[in-house]
Amino acid sequence: MTRLLDKVAIVTGGASGMGEAHVRRFVEEGAKVVFTDINQDAGSKMAEELGENSLFVKHDVTDEAGWQAVVEKTEAVFGPVNILVNNAGISMSKSIFDMSLEDYKKIVNINQVSVFLGMKSVLPSMQKAEGGSIVNISSMNGIVGGAVGYTDTKFAVRGMTKAAALQVGHLGIRVNSVHPGVIETPMVTQGDAVEQIKEFAKSIPMRRMAQSEEVTNMVLFLASDESSYSTGSEFVIDGGLTAM
Ligand SMILES: NC(=O)C1=CN([C@@H]2O[C@H](COP(=O)(O)OP(=O)(O)OC[C@H]3O[C@@H](n4cnc5c(N)ncnc54)[C@H](O)[C@@H]3O)[C@@H](O)[C@H]2O)C=CC1
Ligand SMILES: CC(=O)C(C)=O
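Residues numbered from 1 in each chain as written. Chains lettered and ligands numbered in written order. Predicted model: local features only at pLDDT ≥ 70, side-chain atom pairs only at ≥ 80, totals over all residues.

Looking at this structure, I do not really get the site of ligand 1. What am I missing?
Around ligand 1 sit 27 residues, and of these Gly 13, Gly 17, Gly 89, Thr 185 and Met 187 come closest. Among the elements of the structure, helix H1 (17-28) and helix H6 (186-189) are those that each provide at least two residues to the shell around ligand 1. (Near = placed C-beta within 6 Å. Helix = DSSP H or I, 4+ residues; strand = E, 2+ residues; numbered from the N terminus.)

What is the right way to read the environment of Val 57 from this model?
Take Val 57: it is sitting in strand E3 (residues 54-58). Remark: the alpha-carbon pair of Val 57 and Phe 35, spanning 22 residues in sequence, is separated by 6.3 Å. Those residues in contact with Val 57 that sit more than four places away from it in its chain are Val 34, Thr 36, Val 70 and Lys 73. (Contact = placed C-beta atoms within 7 Å.)

Help me understand the environment of Asp 6 in this model?
Mapping Asp 6 onto the fold places it in the segment before strand E1 (8-12). Residue class for Asp 6 comes out exposed when judged on the 11 C-beta atoms lying within 10 Å of it. It is 9.8 Å that separates the C-alpha atoms of Asp 6 and Asn 53, two residues lying 47 residues apart in sequence. (Buried ≥ 20, exposed ≤ 12 C-beta atoms within 10 Å, placed from the backbone.)

What should I look at first to understand the nonpolar core in this one?
Most often, soluble globular proteins have nonpolar side chains that are buried together. Counting residues in each nonpolar core, the largest one holds 50 residues, and the members touching the most others are Ala 9, Val 33, Val 85 and Ala 223. Ignoring any residue separated from it by four or fewer positions in sequence, one finds Ala 223 in contact with Leu 4, Ala 9, Ile 83, Val 85, Ser 133 and Val 135. Listed in part, the 5 residues of the second largest apolar core include Ala 88, Ile 107, Ile 110 and Tyr 150. (Core = buried A, V, L, I, M, F, W, Y, C linked by C-beta atoms within 7 Å.)

Before we go on, may I ask you to explain the packing of H1 against helix H8 (residues 212-223) in this structure?
In helix packing, the relevant descriptors are the interaxial angle and the interaxial distance, both defined with respect to the helix axes. Remark: H1 packs on H8, axes separated minimally by 9 Å, with the N-to-C direction vectors making an angle of 55°. The pairing of H1 with H8 is recorded here as oblique in orientation. In this structure, H1 crosses over H8, and the sense of that crossing is right-handed. Contacts between H1 and H8 involve Gly 17, Met 18, Ala 21, His 22 and Arg 25 from the former and Ser 212, Glu 213, Val 215, Thr 216, Val 219 and Leu 220 from the latter. Grouping the constituent residues of the contact of H1 with H8 by class yields 5 nonpolar, 4 polar and 2 charged. (Axes fitted to C-alpha atoms, helices over the stretch in contact; angles between N-to-C directions. Parallel < 35°, antiparallel > 145°, perpendicular 65-115°, else oblique. Left-handed = near helix turned anticlockwise from the far one by under 90°. Nonpolar A, V, L, I, M, F, W, Y, C, P; charged D, E, K, R; others polar.)

In this structure, what is going on with the sheet that holds strand E7 (residues 234-237)? I would like to understand it.
Picture the strands of a sheet paired through backbone hydrogen bonds; they go either parallel or antiparallel. Across the sheet, which stays open at both edges, the 7 strands sit in the order E3-E2-E1-E4-E5-E6-E7 with parallel pairing between neighbours. Edge positions in the sheet fall to E3 and E7, since each has one partner strand and no second. In this sheet, adjacent strand axes meet at a mean angle of 15° when their direction is disregarded. Relative to strand E2 (residues 32-37), E1 runs parallel, the two sharing 5 bridges. Paired with Val 8 across the bridge in E2 is Lys 32. Strands in contact with helix H2 (residues 40-50) are E2 and E3; relative to E3, the strand with the most contacts, it is inclined by about 170°. (Pairing = 2+ DSSP bridges.)

Okay, here's the thing in C-alpha cells:
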C-alpha cells in the first residue's frame, strides 16, 4: 500500500463522510496527511487514532488567513505540499423562492470561494515540491442541475478547476474535479431530505447509493502519479445518473 509513499497531502472536511475516507486511505497508502475541519472533536479523535503520519488542524475553509496557517503548519511538520483535496462542503435544499441572499452567500463561500482560497494558498508550496495534484470535489450537480445555490457552486468548482489547470500545468501541477452522485455520508443520511433521497436512490441506474470508499478510489488515483497526464478534467462517479 504505497501509492502515495512520502507524499504530503492536505484534505479539507476530513473529519467525516468522504473526507474521512480519503484521509484514512491516504495514510494507509503512505502519505503524510494534514486534515482540516470545523469539527474539532471528531478531527482530534481521528488524528489520535491514525498516529504520527496525520495531523488535524481546526480550520474553516472560508478563512483566508487560516489557509496560510494550515500550509505553514504542513510545511513545518511534513514538508512542502504535494496534494490538496478541496473536499469540505455543505448542502442546502431551499427553493429560490425561500433562499435569502445570506443563505446564498453562505453556500458560495463554503463550497466555492474555499476552493479558490485552497488552490491559491497551496500553489507556492507545490512549486517548492516541484509539482502537485489538486483534486476539487464538485458533484453530479456540477454536471446537471439540482438544488439552487448548491448546483451553482458545484458548476463553479468544475469551471475553476479547468481555469486553474490551464495556468499551472507548465509547473507540473495538475488540477481535476470529481463529481460524485449520491454517496451515503452524514450529508445525506442526517439531512432533512433523507427519505426523498432513499426513494431517489431506487431510480439510480445501479439502484443504490455509493459508499465513500468508492469515491476515495477515484480521488486516490487523481492524487497519485498514476494520473500523471490528467489535468483540467472531470471524473464522474455516480452509478450512471448523469448518463440518463
Ligand atoms: N454525499 C453526497 O452524496 C455528495 C457529496 N458531495 C460533496 O462531497 C463533499 C463531502 O461531502 P460529504 O462527505 O457527503 O459531507 P459530510 O457532511 O459528511 O462532510 C463534510 C465535512 O465538511 C466539514 N465542513 C463543513 N463546513 C466546513 C467549513 N466551513 N470549513 C471546514 N470544514 C467544513 C464538516 O464538518 C464535515 O466534516 C462536499 O463538498 C459535498 O458537497 C458531492 C456529491 C454527492
Ligand atoms: C448530489 C449531491 O451532491 C448531494 C446529494 O449532495
